[in-house]
Amino acid sequence: MFDSQSFLKNVTTSAGVYQMFDVDDVVIYVGKAKNLKKRLASYFRSNITNGKTRILVSKIADVKIIVTASEIEALILENDLIKHHMPKYNVLLRDDKSYPFIFVSDHKHPRITSHRGAKKAKGKYYGPYPNSGAVRESLHLMQKIFPIRQCEDAYYRNRSRPCLQYQLKRCLAPCVKGLVSDDDYASEVKLAGMFLSGNSQNVLDTVIEKMELASQSLQFEAAARYRDQLTALRKVQEQQWINSDQSDVDVIGFNYDHGIACFHTLFIRNGKVLGSRSYYPKIPKDTDTEELYSAFILQFYLNASAGRQIPRQILHSAPQIDDGAIEGALTSEAGYKVSLFNNTRGERAKLVDMAQRNARIGLESKLAQKGTQLQRVTALEKAIDSDAKIARMECFDISHTSGQQTVASCVVFDREGPAKAQYRKFNIEGITPGDDYAAMNQALSRRFAKANDPALIPDILFIDGGRGQLSEAEAVMAKYQDNLPKMPLLLGVAKGEGRKAGLETLFVGITREIIDLENDNPALHLIQHIRDESHRFAITGHRARRAKVKNTSTLESIPGIGPKRRQALIKNMGGLQALKNASQAEIAKVPGISGELAQTIFDALND
């Protein structure tokens, strides 16, 4: 048992961070304090009323401290340690996905598109936006107002006549000579950039000026286009404008009930609402609101991998949190003054109320969804006559195009729904193209060959397919059954006539017993959800793999062939197909290609 009295005698009164460990030397809690001795002493009193704290203290085997120069440094270090260790008793915001941006490329005729991830390409990035849906909506809107190309570069380079987007007046078709001048196209790109930067009024003034000039020059078609553009811009401005005083603000609403917390964040940039998003952090039981709020704000804004911009102002509704310390940590991270406000009035109060309402609605929706999911899992337990509760379910599916770029998916569901962080994709290699049985065998073998954690072994393993796929799964599981802590129940999900939902046939592994479920049975709805999610994830993985192959030239895999030599080969031979049909002697005639290298290219293309 941990000797708290001896430990506390030697603890400093400085600011810092403390880490609590269990008997297995695993970090179970990370906290910060302005006064470490005073804060840690509060854990070991005899009259602790908080249930979470009592359980935490009973698990402590050791405590380690890190002294910092200030409370602000302690806050930042605490956040880093929480992200690294993911302690059991800390509030955890599982949101490490990077945020999407709108990207305008640095080309002669720039392309406007969405972007997520590292900012390696040359061009301008606008955002971040709360989710990909907000970016798609913005791009759709931009296409109507600013007819800039959104097509991929490969498609743009190979056009000889304008596509349908030009006919719909959603692109100026810079890919075809004579339809738009470089100056006019660059002007549209400049206007789009100003609009995305929030300078809507400057864009309006510029368009008005262009419309008047076109009208005076008797260019009535151009004037009409500017008029339509002006009308669309004014309509958008009316819909998006909030208040010029709230130019760079995040508004956080909060609601908590039945052990679930919902934080709803409203993003306002340059006086416009970019969108909003709800977050549901993982919360230990009996966590107080102050810790919840502080943990969310710090983890939300100090997560550098998400590419999230820290606003200059944050409006929230938690008067009890230490705004000063959090402001200091965020200011230190951002490099400029960041202010938190909880006692709001006027327009700001309305924004906070809006975020609060959305948080309440989001929580109600989450609770309803959780109730429905639990009902479905309970119905499935009843359908398979299981006395034990189902904790984990997995489903495998295969996707390919004529046997090429085969991908297997593994999706995971628990009692609360999809556990997307545990999804897996398997790139299938070394099988006969189109052999789904061999693909299933390889995916299951890779999944269970080294599986030894009982918590990661599913209670039910769904196989999307008929008796053949199920037999393959049985053979694999029989091979590894001696190494597995437990054996999952195998269920084959065969598609019904015409692949219609509700006509599926369920086969139990080994016994081949058929389970008949009515169309309105919640268990069937759960199985359909799992099967459809597995199918979606497999197709997504296959398309990504296929696109990668499609965008990769055969020449790129040949040693000694860089961009310049690839360009010379394609240009001199008249295309990749002609190059593949060429002899070694013909390839050697290309400038910069030696006889030895020509032989290497010939062998690679004709292997």
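The shown structure was predicted, so the numbers you read here are calculated from the model rather than taken from an experiment.

Draft legend 1. The arrangement of the overall build of the protein chain in detail. Of regular secondary structure, the protein chain possesses 20 helices and 19 strands. Across its three principal directions, the C-alpha atoms of the protein chain cover 85 × 70 × 55 Å. Here the protein chain holds 607 residues, and 44% of them are scored as buried. Looking at the protein chain alone, contacts between residues at least 24 apart form 61% of all its contacts between residues at least 6 apart. Accessible surface for the protein chain amounts to roughly 32,100 Å². Of this, 48% is attributable to carbon and sulfur atoms. The positive charge centre, built from 83 side chains, and the negative charge centre, built from 69, are 4 Å apart in the protein chain.

Draft legend 2. Just the environment of Gln-442, in detail. Here Gln-442 lies in helix H14 (residues 436-448). Once you skip the residues sitting within four places of it in the chain, Gln-442 turns out to touch Asn-427, Ile-428, Glu-429 and Ile-431. Within the structure, the side chain of Gln-442 is placed 2.7 Å from the backbone oxygen of Glu-429, a separation counted as a polar contact.

Draft legend 3. Structural view of the side chain of Glu-533. Locating Glu-533 in the fold gives a position in helix H16 (residues 522-550). Not counting chain neighbours up to four residues away, the residues in contact with Glu-533 comprise Val-411, Phe-413, Lys-420 and Tyr-423.

Draft legend 4. Structural detail: the sheet that holds strand S4 (residues 101-105). Strand order in this open sheet of three strands is S5-S4-S6, and the pairing throughout is antiparallel. Because the sheet does not close on itself, it has two edges, and the strands there are strand S5 (112-115) and strand S6 (123-126). Recorded for the sheet is a direction-independent mean angle of 30 degrees between the axes of neighbouring strands. Packing of helix H5 (residues 132-145) onto the sheet brings it into contact with S4 and S5, and relative to S5 it is tilted by some 180 degrees. Across the sheet, helix H8 (residues 182-196) lies against S4, S5 and S6, angled at about 155 degrees from S4, the strand it touches most.

Draft legend 5. Molecular detail of the packing of aromatic side chains. Scanning the entire structure with this criterion turns up 16 aromatic pairs. Three or more aromatic residues joined by ring pairs make a cluster, and in this case those are Phe-254, Phe-263, Phe-267, Tyr-279, Tyr-293, Phe-296, Phe-300 and Tyr-301. A cation over a ring is seen here: Lys-64 above Phe-21, with NZ or CZ 4.9 Å from the ring centre. Sitting above the plane of the Tyr-156 ring, Arg-149 keeps its charged end 4.0 Å from the centroid.

Draft legend 6. Just the pattern of salt bridges, in detail. One pass over the full model with this rule turns up 13 salt bridges. Residue Asp-182 pairs with Lys-108 through a salt bridge whose shortest N-O separation is 3.8 Å. One end of the pair, Asp-182, is in helix H8; the other, Lys-108, is in the loop between S4 and S5, with 74 residues separating them in the sequence. By relative accessible area, Asp-182 is classed as partly exposed at 38%. Between Asp-459 and Lys-486 there is a salt bridge, with the nearest N and O atoms lying 2.9 Å from each other. Note that Asp-459 is positioned in the loop between H14 and strand S16 (460-464) and Lys-486 in the loop between helix H15 (467-480) and strand S17 (489-494), a separation of 27 residues in sequence.

Draft legend 7. Representation of the sheet that holds strand S1 (residues 16-21) in the model. An order of S2-S1-S3 is seen for the three strands of this open sheet, with the pairing classed as antiparallel. Taken across any chain shown, the strands that pair with only one partner, and hence form the sheet edges, are strand S2 (27-33) and strand S3 (62-67). Adjacent strand axes in the sheet meet at a mean angle of 20 degrees, parallel and antiparallel pairs treated alike. Of the pairings in the sheet, the one linking S1 to S2 comprises six bridges and is antiparallel in character. Across the sheet, the residue bridging to Gly-16 is Ala-33, located in S2. Where helix H3 (residues 51-59) meets the sheet, its contacts fall on S1 and S2, and the angle it forms with S2 comes to roughly 115 degrees. Across the sheet, helix H4 (residues 71-85) touches S1, S2 and S3, and the angle it forms with S2 is around 165 degrees.

Draft legend 8. Layout of the confidence of the model for the protein chain. Averaged over every residue, the pLDDT of the protein chain is 82; residues scoring 70 or more account for 91%. Taking the mean pLDDT of every element in the protein chain, the minimum, 64, falls on helix H10 (residues 220-240) and the maximum, 94, on strand S15 (residues 424-427). Below a pLDDT of 50 lies the segment residues 237-245, which in the model reaches 17 contacts outside its immediate sequence neighbourhood of four places, other chains included.

Draft legend 9. A look at H15. Between the first and last C-alpha of H15 there are 20 Å, a value that for 14 residues agrees with the 20 Å anticipated at 1.5 Å per step. The set of residues buried in H15 consists of Gln-469, Leu-470, Ala-473, Glu-474, Val-476, Met-477 and Tyr-480. Check the buried side of H15 and you find it contacts H14, S16, S17 and strand S18 (505-508).

Each value, and the rule that gives it
- Residues numbered from 1 in each chain as written.
- Predicted model: local features only at pLDDT ≥ 70, side-chain atom pairs only at ≥ 80, totals over all residues.
- Heavy atoms only, no water.
- Helix = DSSP H or I, 4+ residues; strand = E, 2+ residues; numbered from the N terminus.
- Buried < 20%, exposed > 50% of the residue type's maximum accessible area, 1.4 Å probe, protein only.
- Contact = heavy atoms within 4.5 Å.
- Areas by Shrake-Rupley, 256 points an atom, 1.4 Å probe, with all protein chains shown as cover.
- Lys, Arg positive; Asp, Glu negative; His and termini not counted.
- Charge placed at Lys NZ, Arg CZ, Asp CG, Glu CD.
- Polar contact = N/O pair within 3.5 Å; in protein donor to acceptor, adjacent residues only side chain to side chain.
- Pairing = 2+ DSSP bridges.
- Axes fitted to C-alpha atoms, helices over the stretch in contact; angles between N-to-C directions.
- Phe/Tyr/Trp six-rings, centres within 6.5 Å; stacked < 30°, edge-to-face > 60°.
- Lys NZ or Arg CZ within 6 Å of the ring centre and 35° of its normal.
- Salt bridge = Lys/Arg side-chain N within 4 Å of Asp/Glu carboxyl O.
- pLDDT = per-residue confidence, 0-100.
- Expected span 1.5 Å × (residues − 1).

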